[in-house]
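If you want the building blocks of each chain, they are given just below.
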Amino acid sequence: MRALGQPTPDRILVIAQAFRHGLTVEEVNAACSYEPWFLRQIADIVRTEGHVRVTGLPAEVASLGGDLDALLADVGLSPAELDDGDCLIGIEQLTRLLHEAALRLHCPDLGLRVARHQGVEMLGLLGRLLAGEPDLQAAFLAAQRYLALHNKAAHWRLLPLD
């Protein structure tokens, strides 16, 4: 909560992370004094992140003649959860879903096929930040700096060629 109140260049990303952890607009507003309208916009972006992660899966399963409802049921998901932009699907569950679908559909590149439907917006606020960078190097540097706010397990860095 203390980080929300400190004016830093990346505070907007800290605010997004607070919403991911379940804080309300009112709680974040009390900590940082940002306008509630602006905070609601950030909260809406954060809510859409879970939905974007599986964009394209229904179309790919259908194109391969698969039964999406059966696949979802086998990993404990319902079609409504997949369609609900507010429903965040855990990475373990999503991995199991993609793995089972790839096996049953005899399609080892299913993950790549689904990825074709994704855009930089799947990264939420990080994606918006990267899209606004002036060039590829600046985007890579920003991604390196802020990637942990999107995915704490990912880490990489850009090294100059010798």
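Every chain's residues receive numbers from 1 upward, in the order its sequence appears when written. In view of the model being predicted, local features appear only for residues whose pLDDT reaches at least 70, and side-chain atom pairs are presented and counted only at 80 or more, with totals across whole chains, interfaces and linings using the full set of residues. Hydrogens and water are ignored here; the side-chain numbers use all heavy atoms of the structure.

Looking at the packing of aromatic side chains
Aromatic ring pairs are defined here through the distance separating the ring centres and the angle between the ring planes. As a reminder of what qualifies: For Phe, Tyr and Trp, where Trp contributes only its six-membered ring, two rings pair if their centres lie within 6.5 Å, and the inter-plane angle classes them as stacked under 30 degrees, edge-to-face over 60, or tilted in between.
Under the definition given, this model contains one aromatic pair. Their ring planes at 45° and their centres at 5.6 Å tell us that Tyr34 and Phe38 sit as a pair that is tilted.

Describing helix α7 (residues 91-104)
Stated precisely, the cut-off is as follows: Think of it this way: any DSSP run of H or I at least four residues long counts as a helix, any run of E at least two long counts as a strand, and we number them from the N terminus. To estimate the expected span of a helix, subtract one from its residue number and multiply by 1.5 Å. Only protein chains enter the calculation, and the probe is 1.4 Å; a residue is then buried if its accessible area is under 20% of its type maximum, exposed if over 50%, and partly exposed in between. Read the arc as the range of directions from the helix axis to the C-beta atoms. Contacts: residue pairs with any heavy atoms within 4.5 Å of one another.
With 14 residues, α7 should cover 20 Å at 1.5 Å per step; its first-to-last C-alpha distance of 20 Å lies within 8% of that length. Buried within α7 we find Leu94, Leu97, Ala101 and Ala102. In an axial view of α7, the angular spread of the buried residues amounts to 125°, which keeps them on one side of the axis. Next to the buried residues of α7 lie α4 (57-63), α5 (68-74) and α8 (110-115). Remark: His106 follows α7 within two positions and exhibits a positive phi of approximately 50°.

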